[in-house]
Amino acid sequence: MQILVFVLIGLAVLVLALLAYAATRPATFSVERHLRIDASPEQLWPLVGELQGFNRWNPYARKDPQMRGHYSGPPAGAGSRYDWDSSKVGTGSMTLTGQQPGRAVQLQLDFLKPFEAHNQVEFLLERAPDGGTTVHWRMHGPSNLIGRIMGIFIDMDRMCGRDFEDGLQNLKQIAEARA
């Protein structure tokens, strides 16, 4: 019985230490990747500035061909929305909140499953002097205590960054084939 008490006290100390360490971690996170593509911002815009175009190269949609999705609101511009449900990538929605045609898109990204999260996403298109474009894909949001605990064991930048890199490569392949 005495050993059990020591084990329980040890576990409690470990849990408290983990919580204390997690509380010192940043309250926000940010992930960004970029890629130069041989296409003009105008050529890229339908693939970046419209949700249906985005889903042609979206790495998360490619992870689950059985994903169920639904578009609502206007086909383009602020208020355009895409809801999805997938056994592989979760459940959530993206809502286009702003855009500067040919230059930038802002989205609200809301996950419901496998865990709730509310993040901001931005795509920036920078025209290169040679006629190509550098596409920046950014995501940032709050990191609550659960997120900070997960961050001790899972590198969010590495995990999401790989997907962003895959997505940008998908975009490059589609855009350069069209250009």
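Residues numbered from 1 in each chain as written. Predicted model: local features only at pLDDT ≥ 70, side-chain atom pairs only at ≥ 80, totals over all residues. Heavy atoms only, no water.

**Q** Help me understand the environment of M139, please; the structure alone is not making it clear to me.
**A** With respect to the helices, strands and loops of the structure, M139 is situated in strand β7 (residues 133–142). The spacing of M139 and F29 is 110 residues in sequence and 8.2 Å in space, taken between C-alpha atoms. When residues no more than four places from it in sequence are discounted, the contact partners of M139 are F29, S30, V31, L109, N119, Q120, V121, M156, C160 and F164. (Helix = DSSP H or I, 4+ residues; strand = E, 2+ residues; numbered from the N terminus. Contact = heavy atoms within 4.5 Å.)

**Q** Any chance you could explain the packing of helix α2 (residues 41–48) against helix α6 (residues 156–178) here in plain terms?
**A** Geometrically, a packed helix pair is captured by the angle between its two axes and the distance between the axes. Direction vectors running N to C along α2 and α6 enclose 130°, while the axes themselves pass 10 Å from each other. As the angle between them shows, α2 and α6 are arranged oblique. The chirality of how α2 crosses α6 is right-handed. Residues L44, L47 and V48 of α2 pack against L171, I174, A175 and R178 of α6. (Axes fitted to C-alpha atoms, helices over the stretch in contact; angles between N-to-C directions. Parallel < 35°, antiparallel > 145°, perpendicular 65-115°, else oblique. Left-handed = near helix turned anticlockwise from the far one by under 90°.)

**Q** Could you clarify how one ought to interpret the nonpolar core in this entry?
**A** Soluble globular proteins tend to pack their nonpolar side chains together in the buried interior. Counting 34 residues, the largest nonpolar core has I37, L44, W57, F123, W137 and L171 as its most contacted members. If one sorts the elements of this core by residue count, α6 sits on top with six residues. Those residues in contact with L171 that sit more than four places away from it in its chain are I37, L44, L47, V48, W57 and V135. (Core = buried A, V, L, I, M, F, W, Y, C linked by side-chain atoms within 4.5 Å. Buried < 20%, exposed > 50% of the residue type's maximum accessible area, 1.4 Å probe, protein only.)

**Q** Explanation requested: the pairing of strand β1 (residues 28–37) in the structure shown.
**A** For a regular strand, side chains alternate in direction, first toward one face of the sheet and then toward the other. Here β1 shows a buried face lined by F29, V31, R33, L35 and I37 and an unburied face lined by T28, S30, E32, H34 and R36. The sheet contact formed by β1 and β7 spans 10 bridges and is antiparallel. Each residue of the ladder has a partner; that of H34, found in β7, is H136. (Pairing = 2+ DSSP bridges.)

**Q** What should I look at first to understand unusual backbone geometry in this one?
**A** Keep in mind that most residues, glycine aside, have a negative phi and that most peptide bonds are trans. Across the junction of K113 and P114, the peptide omega takes the value 5°, indicating a cis bond. With respect to the helices and strands, P114 occurs in the loop between β5 (104–113) and β6 (117–127).

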